[in-house]
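# Working through the structure, step by step
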Amino acid sequence: MALKVTHDERDGWTILTVSGELDLVTAPAVRQHVHDAVADGRHSLVLDLAGVDFCDSSGVGVLIAARRLMRSCAGRLRLILPSDVRGNGAAHVNKVLAALGVRRLFEVFPDIEAATDDEAGPLSA
């Protein structure tokens, strides 16, 4: 499945919705979208990964780099990774992050509503 990234705004948050495979070939495009958002002055970023079917180490590298970039500009990064496994690719991403021991580095939320609500707490790691 080809990578698709769409952009939206909600309650002061920039939402990048990523679908398809996040791998060696597609990771640079996601990295560029994150950099473009920060260059445009957006420092509250949500990466919606609910539509990601596959993520390899290159994809994980992009997520870690995005976290580092957001921290360097005093920004905020939140991930959407639904824990529901009903055919949801995000469950795969969640498992990859957990297996590599980096899941705890991210604020993870189940959906856009929770991720853009400043009062909502992240899911536990």
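Each chain has its residues counted from 1, running along the sequence as written. Local features in a predicted model are, by the rule used here, given only for residues with pLDDT of at least 70; side-chain atom pairs are given and counted only at 80 or more, and totals for whole chains, interfaces and linings are based on all residues. By convention in this description, side-chain values take in all heavy atoms of the structure and omit both hydrogens and water.

On to the sheet that holds strand E3 (residues 44-55). The five strands lie next to each other as E1-E2-E3-E4-E5, forming an open sheet whose pairing is mixed. Edge strands, defined here as strands with exactly one partner in the open sheet, are strand E1 (4-10) and strand E5 (107-109). Here the average twist between neighbouring strands, direction ignored, is 25°. Bridge analysis of E1 against strand E2 (residues 13-22) gives seven bridges, and the strand direction is antiparallel. From the neighbouring strand, glutamate 9 faces E2, where its bridge partner is threonine 14. In what follows, a contact means two residues having at least one pair of non-hydrogen atoms within 4.5 Å. Axis angles are defined between N-to-C directions and span 0 to 180 degrees, where every axis is a line fitted to C-alpha atoms and, for a helix, only to the segment in contact. A run of H or I in DSSP becomes a helix once it reaches four residues, and a run of E becomes a strand once it reaches two; helices and strands are each numbered from the N terminus. Strands in contact with helix H1 (residues 27-39) are E1, E2 and E3; relative to E2, the strand with the most contacts, it is inclined by about 175°. On the sheet, helix H2 (residues 57-72) packs against E2, E3 and strand E4 (76-80) and is oriented at approximately 175° with respect to E3. Strand pairing is assigned whenever DSSP detects at least two bridges linking the two strands.

Non-glycine residue aspartate 11 carries a positive phi angle of around 50°. With respect to the helices and strands, aspartate 11 occurs in the loop between E1 and E2. Even without a glycine there, the phi angle at alanine 74 is positive, about 55°. Looking at the secondary structure, you find alanine 74 in the loop between H2 and E4. Buried residues are those whose accessible area, probed at 1.4 Å on protein chains only, stays under 20% of the maximum for their type, while exposed residues exceed 50% and partly exposed ones sit between those limits. Taking relative accessible area as the criterion, alanine 74 reaches 71% and is therefore assigned exposed.

Turning our eyes to something else, we now look at the pairing of E3. Relative to E3, E2 runs parallel, the two being bridged by eight bridges. In the sheet register, glycine 20 faces E3, and the bridge partner there is valine 52. Here E3 pairs with E4 via five bridges, running parallel. The residue of E4 that forms the bridge with leucine 47 is leucine 79. The handedness of a crossover follows from its direction of travel: if, with the strands pointing away from the viewer, the path from the first strand over the helix to the second runs clockwise, the crossover is right-handed. In this fold, the crossover linking E3 to E4 by way of H2 has right-handed handedness.

To continue, consider the confidence of the model for the chain. In this model, the chain carries an average pLDDT of 91, and 92% of its residues clear a pLDDT of 70 or more. Within the chain, no element has a lower average pLDDT than helix H3 (residues 90-99), which sits at 85, and none a higher one than H1, at 97. Every residue is assigned a pLDDT by the predictor, reflecting its confidence on a scale from 0 to 100.

Okay, H2 next. Here the expected length of a helix is defined as 1.5 Å per residue gap, with one fewer gap than residues. If you check H2, its first and last C-alpha atoms are 22 Å apart, about what 16 residues at 1.5 Å a residue would give, namely 22 Å. Within H2 the residues assigned to the buried category are Gly59, Val60, Val62, Leu63, Ala66, Leu69 and Met70. The definition of a polar contact used here is a pair of N or O atoms within 3.5 Å, where within protein one atom must be able to donate a hydrogen and the other to accept one, and adjacent residues in sequence count solely through side-chain atom pairs. Sitting at the head of H2, aspartate 56 places a side-chain oxygen 2.9 Å from the backbone nitrogen of serine 58.

Moving on: the pairing of E4. Within E4, four of the five residues are buried, which leaves the element mostly enclosed by the surrounding structure. Here three bridges tie E4 to E5, and the two strands are oriented parallel to one another. Looking at the pairing, isoleucine 80 lines up with phenylalanine 109 of E5.

Throughout this description, the term salt bridge denotes a Lys or Arg side-chain nitrogen within 4 Å of a carboxyl oxygen of Asp or Glu. Tallying each qualifying case throughout the model produces five salt bridges. In this structure, glutamate 9 engages arginine 42 in a salt bridge whose closest nitrogen and oxygen atoms are separated by 2.8 Å. Taken together, the positions of glutamate 9 in strand E1 and arginine 42 in the loop between H1 and E3 put the pair 33 residues apart, joining distant regions of the chain. Its relative accessible area of 27% is what places arginine 42 among the partly exposed residues. For the salt bridge of arginine 42 with aspartate 40, the shortest nitrogen-to-oxygen distance reads 3.2 Å. A relative accessible area of 55% means that aspartate 40 is categorised as exposed. In the salt-bridge network here, residues are joined through shared partners; they are Glu9, Asp40 and Arg42.

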